[in-house]
Amino acid sequence: MIRLVLLLLGADFIRRNWHVLATAGLVWGAIGVSLMIDALDGVLNFPLRLFGYLLLIESLVTLVVANSGIGAQKTLRYVKGGLFLLISILIISPHHASGMVLAMLFGAAFAIGGGLQITSAALVRFPRWRMAIAGGAVQIVLAILFFQPYPTHYKGTVPFCLALGLMFGGWNMIWLALRSRMLPQRVSVDMLEDHNEGDDRPFDAGLYRGDEPKPALRLGGKGQGKGTPADPAGPASVAPAQPAQADEQVLEGGLAPLTVHVWTPTGSAKGPARRQPVVDRYIAAVDTNGVISTGHASLEIQPDLYISLYPAQEIDRSPDQFARLLRATAENDVGGRYLSDYRSEAAAWCESTEKIVFRDYHRAHLERFWAGYRKREVYNLTYRNCSSTVARALEAALEGVIGRRDRHWFNAVRMMLTPEIWVASQIRKRALTMAWTPGLVLDYARALRAVVHPRPLSWSASLQLAIRQSRRLREVWRARRRYAEGGASQEP
């Protein structure tokens, strides 16, 4: 979530305030270490009961405002609220077995998460998949530690889990701060990773210009291991720097809106689709004739910018080849083609099912990304498909949008308290460890739009909206009851 917040704040914002970010990371890490020591020494000083009541309030607020979400936002809010409610009740409960139940829950969550991460990494082989497998193994080790009361005790489960989150979050902030302290102008946040990951000079972001290629830069700006050719479409391979005034241009009502078009699998099926919950939303739909529809995603700024990637030749999706095609490796790269405009694509196929419109964005950032990305006409079913292309283009367009509105750090705090930023970060995390699909892009774009164009502004505004809706619903129920009682009294 922190990296997504920093993406919306922008690279310039991070570069100017890298010392604040590093200090915050140190504080977070120090608090995490203190909580870890408190959880391990056998004498718990952490105000666990107070934390449980605060978590109970947060879970109830989440459940109340969950109905205001759309699609995956609503589902994730209900899941988050339900889990937090269960955890808070177990924390508050005086029963001696509540600590063990909490440990079992956290252990199961880490075990399932680690197993899924290892499975997806081994199957898809996305960039840095070996690191993902190592991370999954670490999660399974942590699950084992939760299952048994060693090195901590069961009542130290919650402080131990909080300590892990604070320490990893603090390290993440320090890592970004040190790599951004000399970041040059007009460079994207992703270049902090793309220019420096996997080498022996981890804190040298300022040694490279934004318009020069880096030797051995790997596919798509992310690593695919030794011997993989550089991807000229990565974030580091951008068009030559534009004039400063072009880069400073932000939408103020004069530019055309940015539209994300999504053809959902069910909406783009040729015939009535068979109902398959979750699968037909995020993977593929099968109509009554057995025809498979996977959907599509594109991005448009009228009249002259359209991003829509297709394979040049239809990919064989036979069952015996499907597992091999899921791998995001170079041998599965095929020729790609970019369509010219939305009107011709819709005329040849059908109108998009959903349209998500953004009023604020950085056209110069998007054009620099697109100028480099389109040079490589390559399609990969899981790593470089239509959905991943749109997701990366959208992030390029939205980078720094909120940081340019107001350069105060309050923006970062406010975003972290916005429900949709958590939803967007969870969607992005799952998509990067598996594959972007049109359904994930749809939910991701909706969540980002709620952050960039906030309505409502925060948890409190969402709560007020939910309270008003519940009041109106109660008034309707009362009116119906009075009407029913009046009708019954008039009967002879």
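1. Looking at the pattern of salt bridges
- One pass over the full model with this rule turns up seven salt bridges.
- Two residues, glutamate 58 and lysine 80, come together in a salt bridge whose shortest N-O distance is 3.8 Å. Of this pair, glutamate 58 sits in helix α4 (residues 48-65) while lysine 80 sits in helix α5 (residues 72-92), placing them 22 residues apart in sequence.
- The class of glutamate 58 is partly exposed, set by a relative accessible area of 26%.
- Several salt bridges share partner residues, and in doing so they unite Asp304, Arg363 and Glu367 into one network.

2. Re a nonpolar patch on the surface
- A cluster of nonpolar residues, Leu50, Leu54 and Ile57, forms a patch on the protein surface that exposes about 310 Å² of accessible area.
- One can find isoleucine 57 in helix α4.

3. So, the confidence of the model for the protein chain
- Taken over all residues, the pLDDT of the protein chain has a mean of 75, while the share at 70 or more is 74%.
- Note on residues 195-253: pLDDT under 50 across the span, and 125 contacts to partners over four residues away in sequence or across chains.

4. With respect to the nonpolar core
- Judged by nonpolar contacts, the single largest core of 60 residues is most densely connected at Leu258, Val260, Leu299, Phe358, Leu366, Leu394 and Leu398.
- Take this core: its biggest share by element is nine residues, from helix α19 (residues 438-452).
- With near-sequence residues (within four places) excluded, leucine 258 lies in contact with Leu299, Glu300, Ile301, Ile356, Val357, Phe358, Tyr361, Leu366, Leu394 and Ala397.

5. Focus: the sheet that holds strand β9 (residues 378-379)
- Spatially, the three strands line up as an open sheet ordered β6-β7-β9, and their pairing is antiparallel. Each having just a single partner strand, β6 (309-311) and β9 make up the two edges of the open sheet.
- Of the strand pairs in this sheet, strand β7 (residues 334-338) and β9 are connected by two bridges, and their pairing is antiparallel. Looking at the pairing, glycine 335 lines up with valine 378 of β9.

6. A look at the pairing of β7
- Where β6 lies against β7, three bridges are found, and the strand directions are antiparallel. Bridging across to β7, tyrosine 310 finds its partner in arginine 337.

7. A closer look at the environment of tryptophan 370
- Structurally, tryptophan 370 can be placed in helix α14 (residues 363-373).
- Each C-alpha atom, one on tryptophan 370 and one on alanine 393, is 7.3 Å from the other, the two residues being 23 residues apart in sequence.
- Beyond its immediate stretch of four places on either side in the chain, tryptophan 370 contacts Leu305, Tyr306, Ile307 and Tyr338.

8. A word on the sheet that holds strand β5 (residues 305-307)
- Strand order in the open sheet formed by four strands is β5-β4-β1-β8, with antiparallel pairing between adjacent strands. Two strands in the sheet have a free side with no partner beyond their single neighbour: β5 and β8 (354-358). On average, each strand axis in the sheet is tilted by 15 degrees relative to the strand beside it, whichever way the strands run.
- Where strand β1 (residues 258-263) lies against β8, five bridges are found, and the strand directions are antiparallel. Within β8, the residue paired with histidine 261 across the bridge is lysine 355.
- Seen against the sheet, α14 touches β1, β4 (296-301) and β5 and runs at an angle of roughly 55 degrees to β5.
- Strands in contact with α19 are β1, β4 and β8; relative to β8, the strand with the most contacts, it is inclined by about 35 degrees.

9. Considerations on the packing of helix α6 (residues 98-124) against helix α8 (residues 157-180)
- Direction vectors running N to C along α6 and α8 enclose 35 degrees, while the axes themselves pass 9 Å from each other. The residues of α8 that touch α6, namely those facing Gly99, Leu102, Ala103, Phe106 and Phe110, are Thr157, Val158 and Cys161.
- Class assignment for the residues of the contact of α6 with α8 results in six nonpolar, two polar and no charged.

10. With respect to the packing of aromatic side chains
- By the definition in use, this model includes nine aromatic pairs.
- Where tryptophan 263 meets tryptophan 349, the ring centres are 5.5 Å apart and the plane angle is 15 degrees; that geometry is what we call stacked. Of the two residues, tryptophan 263 is situated in strand β1 and tryptophan 349 in the loop between α13 (342-348) and β8; the sequence distance between them amounts to 86 residues.
- Grouping aromatic residues by their ring pairs yields a cluster made of Phe106, Phe110, Phe146 and Phe160.
- Taking NZ or CZ as reference, lysine 80 lies 4.7 Å from the ring centre of tryptophan 422, over its face.
- Over the aromatic face of tyrosine 373 sits the side chain of arginine 384, whose NZ or CZ is 4.0 Å from the ring centroid.

11. Quick notes on the environment of glycine 114
- Structurally, the position occupied by glycine 114 is in helix α6.
- Taking C-alpha positions, glycine 114 is 9.2 Å from alanine 132, a pair spaced 18 residues apart along the chain.
- Beyond its immediate chain neighbours, meaning those up to four positions away, glycine 114 contacts Gly136, Gln139 and Ile140.

12. Remarks on unusual backbone geometry
- In the segment running from glutamine 302 into proline 303, the intervening peptide bond is cis, with an omega of 5 degrees.
- Turning to its location among the elements, proline 303 is positioned in the loop between β4 and β5.

Rules used in this analysis
Residues numbered from 1 in each chain as written. Predicted model: local features only at pLDDT ≥ 70, side-chain atom pairs only at ≥ 80, totals over all residues. Heavy atoms only, no water. Salt bridge = Lys/Arg side-chain N within 4 Å of Asp/Glu carboxyl O. Helix = DSSP H or I, 4+ residues; strand = E, 2+ residues; numbered from the N terminus. Buried < 20%, exposed > 50% of the residue type's maximum accessible area, 1.4 Å probe, protein only. Patch = residues over 30% accessible without salt bridge, like charges linked within 9 Å, V, L, I, M, F, W, Y side chains within 5 Å. Areas by Shrake-Rupley, 256 points an atom, 1.4 Å probe, with all protein chains shown as cover. pLDDT = per-residue confidence, 0-100. Contact = heavy atoms within 4.5 Å. Core = buried A, V, L, I, M, F, W, Y, C linked by side-chain atoms within 4.5 Å. Pairing = 2+ DSSP bridges. Axes fitted to C-alpha atoms, helices over the stretch in contact; angles between N-to-C directions. Nonpolar A, V, L, I, M, F, W, Y, C, P; charged D, E, K, R; others polar. Phe/Tyr/Trp six-rings, centres within 6.5 Å; stacked < 30°, edge-to-face > 60°. Lys NZ or Arg CZ within 6 Å of the ring centre and 35° of its normal.

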